[in-house]
Structures are given as C-alpha cells and as structure tokens.
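Remarks on the overall topology
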Amino acid sequence: MSHEPLIVLDAVNKWFGDLHVLRDVSLTVDRGEVVVVIGPSGSGKSTLCRAVNRLETINSGSIRFDGKELPAEGRALAKLRSEVGMVFQSFNLFAHMSILDNVMLGPLKVRGESKAVARERALALLDRVGIASQADKLPVQLSGGQQQRAAIARALAMQPKAMLFDEPTSALDPEMVGEVLEVMTSLAKEGMTMIVVTHEMGFARAAADRVAFMADGQLVEQAPPAEFFGNPKSERARDFLSKVLQH
Amino acid sequence: MDVFLDPANRQAYLDGFLMVLKLTGASALLALVLGMLLAACRVSPVPVLRALGAGWVHLFRNTPLTLIILFCFFGLYSAVGVEFSEDLHVNNYWLAVTGLSAYTAAFVCEAIRSGINTVPVGQAEAARALGLSFSQNLRLIILPQAMRSVVAPLGSVLIALTKNVTIAGVIGVAEASSAMKGLIESNGDQTIAIFAVFALTFVALLVPVGYGFSALANRLVVRR
C-alpha cells in the first residue's frame, strides 16, 4: 500500500441542533486502505461516513478527497460523488427499476456511457456479486442480502476511487450477513479504498487495515485490528469491546 | 323524453358533451405538465422557484373557478388583449382552457407533491450519491415513483376537472350545461327529464374514469 492519502478529515465538527455529533474528528485514509469504523450507536460513525460525500454537511473543519476540498454543491459536488461509491444500511435500490437498470443508471446518466458498454460492465458486476440471474427482477423481489449485493454492484459500476459502507449489514437477516461481507472482503483484498461503518467485529479483524473507534462524537483511538482488539488503549474502547465480544 | 327525438336537440346534446371532452382533454394535458413543473418548483432548492410554486398554488386553489374563467375573458382578453384566435368561439375555447389549466394545475401540483413525500428519502440520497444532478434525480428517480403513487388522486382531479369545464359556459363556450339550459328554455315541460339525461351522461362518462384510475393505480404501484 502506498502511503498516499485519499481521504483526509481535519478537525471536523458537526452539530445537529444542540447535539455535537462530530467533535474535532481527524482521520486520514490512504489509497487502497480499508478503515473500519466501530463504536456504540449514536457515536457519530454514520455521520462521519456520510460527511465524506457530503450527504451530511459539516459545521467546521475540512474534508479533502483526492487532494481537493469537497465542493459545496452543484456540478463539482456531483462529480465528486460519482467518484465515491456509497452503500447504505437500507440498500436504497431504485424501487421502480430492474436490478440491471439500477446498476446501469449511473454510468448512463452521470458518465454518459453507451448502453452497450454500461450493460456489459453491469452484467459483469452482477455476476461478480453472484446475482446475475436476478438482473431483470425488481428490487422488492430479491432478498435483503441480494439487494445489498446489487447496491454494491451499482456503486462499483461508477468505478469509484473509494467506497463508503454505512452499516451495510445492519438491516439484514443473520443468514444473509455472510454473503455481503464476502463481497466486501474480496473488494478489500483487491485494493479498494474503503471506509466501513459496521458492528461486524469479525469483518473488522479479517479485512481492516485499521480500526477506528468512535464514542460520543470523538475518534477515540485507531490502530491495526490485531492491536486494537488485542490491546485497546482507551478505557472507552475496552469497555465497548468487553460488551460486544463477550457473546 | 320526446325532446331528444328532435335531431336538432340531439345534436345540441352531443355537441355539448363533445365540447366537454375537448375542454377536458386540452386542460388536463396542460394542467398535468404545468402541475409537474410547479411541483418541481415547490421541492427545488431555489427559494425563488419555491415561492413561485407556493404562490401559484395558494392563488389558484383558493380563487373560485368562475372568477378565474371570467378573468380570462374580461381581464386577459378584453382588458389585456390576449387573443388566441380571430374566431370568437375558438378564442373563448382557449381562454377557458387557460383558466381551467391554471386552476387545475394547482391541484395537480399538490397531488404530486404529496406523492413526492411518499418516496423514501433514501431513494434521493442514493441518486445523489451516484452523482445525479437535482433535475436528473427528480426526473429519473423521484417523479416516476411519485407519479405512480398519485394515479388515484390524479383520477379525482380529472373527474373534478371534467365537471368544472361546465363553468366555461359563463364566457359563452357551448358546453354541456349551456346546451342543457338551451333545451330547458325551449322545453319547459320536460325540465326534470332533461336534467336527468345530462346528469346521467356525466355519471356514465366519469364512473369508468374512477374505476380505470383505481385499476391503473393498483397496477403501477411501486412495491417496496
């Protein structure tokens, strides 16, 4: 892995009204690095993830992507977002379109690719995530795990420089978590830059280059997974791990 | 019922309803397009457009249609000089369509806006995350889903419009209620029968519209 920063958050602060959800968060993600963000609910990890493609605006601090400050709005922001894939907890596949059309939409409408090119790549991606046979179905006809894999394919179709995963398995039935994590693990192995917000400690151990632990809006500590899980430095992280790893 | 045995009377009846259909068709189409544009304005991030959309809805939804149609004739045509055609009948027809469309668009706009609110916010977020612009998001993701959820309410708007076009009679457009008035004036002994025939014709026209839109709504509903 080169140590070339792709995503740089510097002293980011965000309030929801009186609630201080991000407190002076600074985090650097290198190209090809997989950072897994864990922490208790309400710790600000989803907000952090969503701030990187400006689905959440921030009140102070700066976020740079690929060397450039995030654009505030308009065409420049749309272009940035097209370079950052996003996978949501609730899949958010376009409900009125087939799976194939979901995956082709971005390349066709944002990139202006030809139908043939977009279709070929979409089918290859659906095959890769193991749902090629579902291409012509509507999202509602697929299981949660299949929908989330389709959503990953939709994000990958834009050939993004980085992928953001906002609790991608939290809405899934337990037996479908594995199939989604498998796709994510293979992406991580191929060198995709990823920020993953999750409660899946197994995934964090296996696929992360670095674990970032958040609590009460602060980035409390960050370390490689072996170090973080084996020897957490902060009291807050020890407390959290003792609760989630007990069972 | 022998009033309808006279071919001239039958023709007046048929012409009246033909005019109802012509007014409804043109106004429905224009109101749908205008209503969609207004709904887009009302949800747009541009404050001026939002104000324009809100202003239109408040003004036209809360003004009696009779006033609007009269304004189209006495204000738009007589005072301002807007003329669609030299032919008085054609001119009055388009003046009526103008008023009907402006009025109905306010209701179409509000129906579509309520439809937009049924589309989960995640749909728009996913579209933004892909890099779609606001107008692409609206055209490709939000409106197609919103329109499917408002098919039934739009059916009600269409039914209301079909009945409302009879107000065009006040500026001399020869629609069904004018035809009915003419027939009653010359056949005072059959008033009830004439009323019944015109009323039942409206019912016969519009009951299938109601059922049709319900069926269409069921078929087009977006399953989540």
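My aim in this report is to walk through the structure given alongside it, one point at a time. (Residues numbered from 1 in each chain as written. Chains lettered and ligands numbered in written order. Predicted model: local features only at pLDDT ≥ 70, side-chain atom pairs only at ≥ 80, totals over all residues. Heavy atoms only, no water.)

What about the interface of chain A and chain B?
- Contact residues are listed per partner, giving 23 residues for chain A and 19 residues for chain B.
- Together chain A and chain B conceal approximately 1800 Å² of surface at their shared face, both sides included; 64% is due to carbon and sulfur atoms.
- Close ionic contact of Glu125(B) with Arg50(A) constitutes a salt bridge, the shortest N to O distance being 2.5 Å.
- Scanning the region where chain A abuts chain B turns up 7 residue pairs in polar contact (both at pLDDT 80 or more).
- For the side of chain A that touches chain B, the elements supplying multiple residues, two or more each, are α2 (74-82), β6 (84-87) and α3 (99-109) of chain A. (Contact = heavy atoms within 4.5 Å. Buried area = accessible area lost by both parts, 1.4 Å probe. Salt bridge = Lys/Arg side-chain N within 4 Å of Asp/Glu carboxyl O. Polar contact = N/O pair within 3.5 Å; in protein donor to acceptor, adjacent residues only side chain to side chain. Helix = DSSP H or I, 4+ residues; strand = E, 2+ residues; numbered from the N terminus.)

Comments concerning the packing of aromatic side chains
Residues and elements named next belong to chain B.
- By the definition in use, this model includes 14 aromatic pairs over all chains.
- For the pair phenylalanine 17 and phenylalanine 198, a centre-to-centre distance of 5.6 Å together with 25° between the ring planes defines the contact as stacked. A residue pair is termed long-range when its members are at least 10 positions apart, and phenylalanine 17 in helix α1 (residues 7-43) and phenylalanine 198 in helix α9 (residues 191-220) qualify at 181 residues.
- The exposure class assigned to phenylalanine 198 is buried, which follows from its relative accessible area of 2%.
- Members of the aromatic cluster, each reached through a chain of ring pairs, are Phe4, Tyr13, Phe17, Phe198 and Phe202. (Phe/Tyr/Trp six-rings, centres within 6.5 Å; stacked < 30°, edge-to-face > 60°. Buried < 20%, exposed > 50% of the residue type's maximum accessible area, 1.4 Å probe, protein only.)

Describing unusual backbone geometry
All names here are of chain A.
- With phi around 50°, aspartate 24 is a residue other than glycine that occupies positive phi space.
- By the element assignment, aspartate 24 lies in strand β2 (residues 19-30).
- We note that phenylalanine 91 has phi near 65°; this positive angle belongs to a residue other than glycine.
- Inspection of the secondary structure puts phenylalanine 91 in the loop between β6 and α3.
- You can call phenylalanine 91 buried: its relative accessible area is 11%.

Concerning the pairing of strand β1 (residues 5-16) of chain A
All names here are of chain A.
- Pairing between β1 and β2: 8 bridges, direction antiparallel. Bridge pairing in β2 links lysine 14 to leucine 22.
- As consecutive antiparallel partners, β1 and β2 are separated by 2 residues, and within that stretch glycine 17 has a phi angle of approximately 60°, a positive value.
- As judged from the 5 bridges shared by β1 and strand β4 (residues 60-65), these two strands associate in the antiparallel manner. Paired with valine 8 across the bridge in β4 is arginine 64. (Pairing = 2+ DSSP bridges.)

Section: the state of the cysteines
All names here are of chain B.
- Applying the stated criterion to the full structure yields 0 disulfides over all chains.
- Among the cysteines around cysteine 41, which has no disulfide bond, cysteine 109 carries the closest sulfur, lying 8.2 Å off.
- With a relative accessible area of 13%, cysteine 41 lands in the buried category. (Disulfide = S-S within 2.5 Å.)

By themselves, these figures tell us nothing about what the structure is for.
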